[in-house]
Amino acid sequence: MRYALIVFLLASCTQFPQLDATLPAENAVAPRVVPLGPILAQADRLGGQTTDFDAINADLQTRLSQLRSRAANLQGPVIPTATRNRMRRGIDTSALQ
């Protein structure tokens, strides 16, 4: 909230450009209106390929299942239980007492 107030205060001090030198509306050039058919025909000629959404979806589903499998493998303990027990047996705690 504090940052929004600072930005607002800084923006309120800004000098706006003079708009008197703009072109009048009668000098503005309107965009040309063209039929859509030739544009779509040109896009079909240039593209030439149809998108196989079923193949894309199948590929994404395969990748998703692989990522979920990797994530499930990462959910276990970092150090396996057998290794952790062996490490605990190897630590001499007699000096701590």
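Residues numbered from 1 in each chain as written. Predicted model: local features only at pLDDT ≥ 70, side-chain atom pairs only at ≥ 80, totals over all residues. Heavy atoms only, no water.

Tell me about the overall build of the protein chain, residues and numbers included.
Within the protein chain, the secondary structure is distributed over 4 helices and 0 strands. Taking all 97 residues of the protein chain together, the buried fraction comes to 0%. (Helix = DSSP H or I, 4+ residues; strand = E, 2+ residues; numbered from the N terminus. Buried < 20%, exposed > 50% of the residue type's maximum accessible area, 1.4 Å probe, protein only.)

Account for the confidence of the model for the protein chain, naming residues and giving values.
Chain-level statistics for the protein chain give a pLDDT mean of 81 and a share of 87% at 70 or above. The spread of mean pLDDT over the elements of the protein chain runs between helix H1 (residues 2-12), the lowest at 75, and helix H3 (residues 53-74), the highest at 92. (pLDDT = per-residue confidence, 0-100.)

Give me a nonpolar patch on the surface: which residues, what numbers.
A contiguous nonpolar surface patch, about 360 Å² in accessible area, is contributed by Val34, Leu36, Ile39 and Leu40. As for its placement among the helices and strands, leucine 36 is situated in helix H2 (residues 36-47). Look at leucine 36 and you get exposed, because its relative accessible area is 56%. (Patch = residues over 30% accessible without salt bridge, like charges linked within 9 Å, V, L, I, M, F, W, Y side chains within 5 Å. Areas by Shrake-Rupley, 256 points an atom, 1.4 Å probe, with all protein chains shown as cover. Salt bridge = Lys/Arg side-chain N within 4 Å of Asp/Glu carboxyl O.)

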